[in-house]
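# A look at the structure
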Amino acid sequence: GNIEWSKTYGGSREDYACSVVQTSDGGYALGGYTWSFGAGECDFMLIKTDAHGNMEWKNTYGGPNLDVVHQMIATSDGGYALAGYTGTPGANSLDGWFVKTDEFGKMEWNQTYKWEEFDRIYSLVETSDGGYALAGETNSFGAGFNDFWLIRTDASGNMLWNQTYGGKRFDRASSLLATPDGGYAIAGDTDSFNDGKYDVWLIKTDANGNMVWNQTYERAPPQEFSNFIFPCSLVRTLDGGYAI
């Protein structure tokens, strides 16, 4: 655990890295968002470094308003995929935004998933057929104020289907896994099922996004509205279970 090296990347304002992957050349790619660079108020940013963390290049993606990354992954073609949300110019709303780049960070395509209100993507995975699955929250439709939101796309990010899960109050999906049976595991937080006390919520779906089972995990002692629980990582364990 001794630090071998550390590096900082950024400008005169706030810059956030949300994801890091090791690249095939031994370097690293970092995905996040920046208030220091780019075209607008806040933009997606992708940084590529060598094996010692020295920056090789950086690229930003976005428009005049707020563009925030929540996760970046390396894709099977050597490129990168970044997902989060984008502000809609002239409207008080947020839309899910998905950007695909080549290995040098040049944008190949982007997709916006737009409805009426606030829709955010927090996690994504590449699927076995070359498409993608994305998870987040939607305030535009579903059972309650905010719901878990699962989107399945083709290889170009075109939506094939989407599903929502939730109760009458606030439900937000923050981590997503593709499971060996072709389905998905989704972790997040909910206050729909415990009288306004935020719990961790884990959902398992089949390949079409239909819920197979779900479990909530209450913290002790319960605390109403004092702190949002935001599960930041979900992994599948060697015995087939999950750790959140």
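Heads up: the structure comes first, above all this text.
What comes next concerns the included structure.

The rules behind each value
- In this numbering scheme, every chain counts its residues from 1 along its sequence in written order.
- Given that this is a predicted model, residues contribute local features only at a pLDDT of at least 70 and side-chain atom pairs are listed and counted only at 80 or more, while totals for whole chains, interfaces and linings are drawn from all residues.
- The basis for the side-chain values is all heavy atoms of the structure; hydrogens and waters are excluded.
- Think of it this way: any DSSP run of H or I at least four residues long counts as a helix, any run of E at least two long counts as a strand, and we number them from the N terminus.
- C-alpha atoms define the radius of gyration, and 2.2 Å times the number of residues to the power 0.38 defines the globule rule.
- The classification of residues rests on relative accessible area computed with a 1.4 Å probe and restricted to protein chains. Under 20% of the type maximum is buried, over 50% is exposed, and intermediate values are partly exposed.
- A pair of strands counts as paired when DSSP detects no fewer than two bridges linking them.
- Here an angle of 0 to 180 degrees is reported between the N-to-C directions of two axes, which are lines fitted to C-alpha atoms, with helices fitted over the stretch in contact.
- Pairing of aromatic side chains requires ring centres within 6.5 Å, counting the rings of Phe and Tyr and the six-membered ring of Trp. Pairs whose planes differ by under 30 degrees are stacked, by over 60 edge-to-face, and all others tilted.
- Think of it as a cone above the ring: NZ of Lys or CZ of Arg counts as a charge over the ring if it is within 6 Å of the ring centre and within 35 degrees of the ring normal.
- A 3.5 Å cut-off defines polar contacts: any pair of N or O atoms within that distance qualifies, except that in protein one atom must be a possible hydrogen donor and the other a possible acceptor, and neighbouring residues in sequence count only when both atoms are side-chain atoms.
- Contacts are assigned to residue pairs that have any heavy atoms within 4.5 Å of one another.
- Whenever a pair of cysteine sulfur atoms sits within 2.5 Å, that pair is classed as a disulfide.
- Between Lys or Arg on one side and Asp or Glu on the other, a salt bridge is scored when a side-chain nitrogen of the former is within 4 Å of a carboxyl oxygen of the latter.

## Describing the overall build of the chain
Along its length, the chain carries zero helices and 18 strands. The C-alpha atoms of the chain give 18 Å as radius of gyration, which agrees with the globular expectation for 244 residues (18 Å, within 12%). Each of the three principal axes of the chain carries a C-alpha extent, and together these read 50 × 50 × 40 Å. Taking all 244 residues of the chain together, the buried fraction comes to 46%.

## Description of the sheet that holds strand β16 (residues 211–217)
The strand order across the open sheet formed by four strands is β13-β14-β15-β16, and the pairing between neighbours is antiparallel. The sheet is open, and its two borders are formed by β13 (171–178) and β16, each paired with just one other strand. Here the strands of the sheet are splayed against their neighbours by 20° on average, with no regard to which way each runs.

## Some thoughts on the packing of aromatic side chains
Two numbers describe a pair of aromatic rings. These are the distance of the centres and the angle of the planes. In total, this model carries eight aromatic pairs according to the counting rule given. Ring pairs connect the aromatic residues F98, W109 and Y132, which therefore count as one cluster. If you follow K58 out to its NZ or CZ, it ends over the ring of F37, 4.4 Å from the centre.

## Considering the side chain of S175
Relative to the helices and strands, S175 resides in strand β13. Taking relative accessible area as the criterion, S175 reaches 4% and is therefore assigned buried. Separated by 3.5 Å, the side chain of S175 and the backbone nitrogen of S233 make a polar contact. The contact partners of S175, leaving out residues within four places of it in the chain, are S123, A185, I186, A187, P231, C232, S233 and L234.

## Examining the pairing of strand β11 (residues 147–153)
Across the seven residues of β11, seven count as buried, placing the element largely inside the fold. Both strand β10 (residues 132–138) and β11 contribute to a ladder of seven bridges, which runs antiparallel. The residue of β11 that forms the bridge with T138 is D147. Sheet topology note: the β11/strand β12 (residues 159–165) ladder contains six bridges and is antiparallel. Note on β12: the bridge partner recorded for T153 is M159. The loop that links β11 with its antiparallel partner β12 comprises five residues; one of these, G157, has a positive phi angle of about 80°.

## Focus on the state of the cysteines
The tally for this structure, following the rule as stated, stands at zero disulfides. Considering cysteine sulfurs only, C42 is the nearest to C18, which forms no disulfide, with 9.5 Å between them. Here C232 is not cross-linked by a disulfide; its sulfur's nearest cysteine counterpart is in C18, at 10 Å. You can call C232 exposed: its relative accessible area is 67%.

## Comments concerning the pattern of salt bridges
In total, this model carries nine salt bridges according to the counting rule given. Measuring nitrogen to oxygen at the nearest pair gives 3.3 Å for the salt bridge that ties R120 to E137. One end of the pair, R120, is in strand β9 (residues 119–126); the other, E137, is in strand β10, and 17 residues separate them in sequence.

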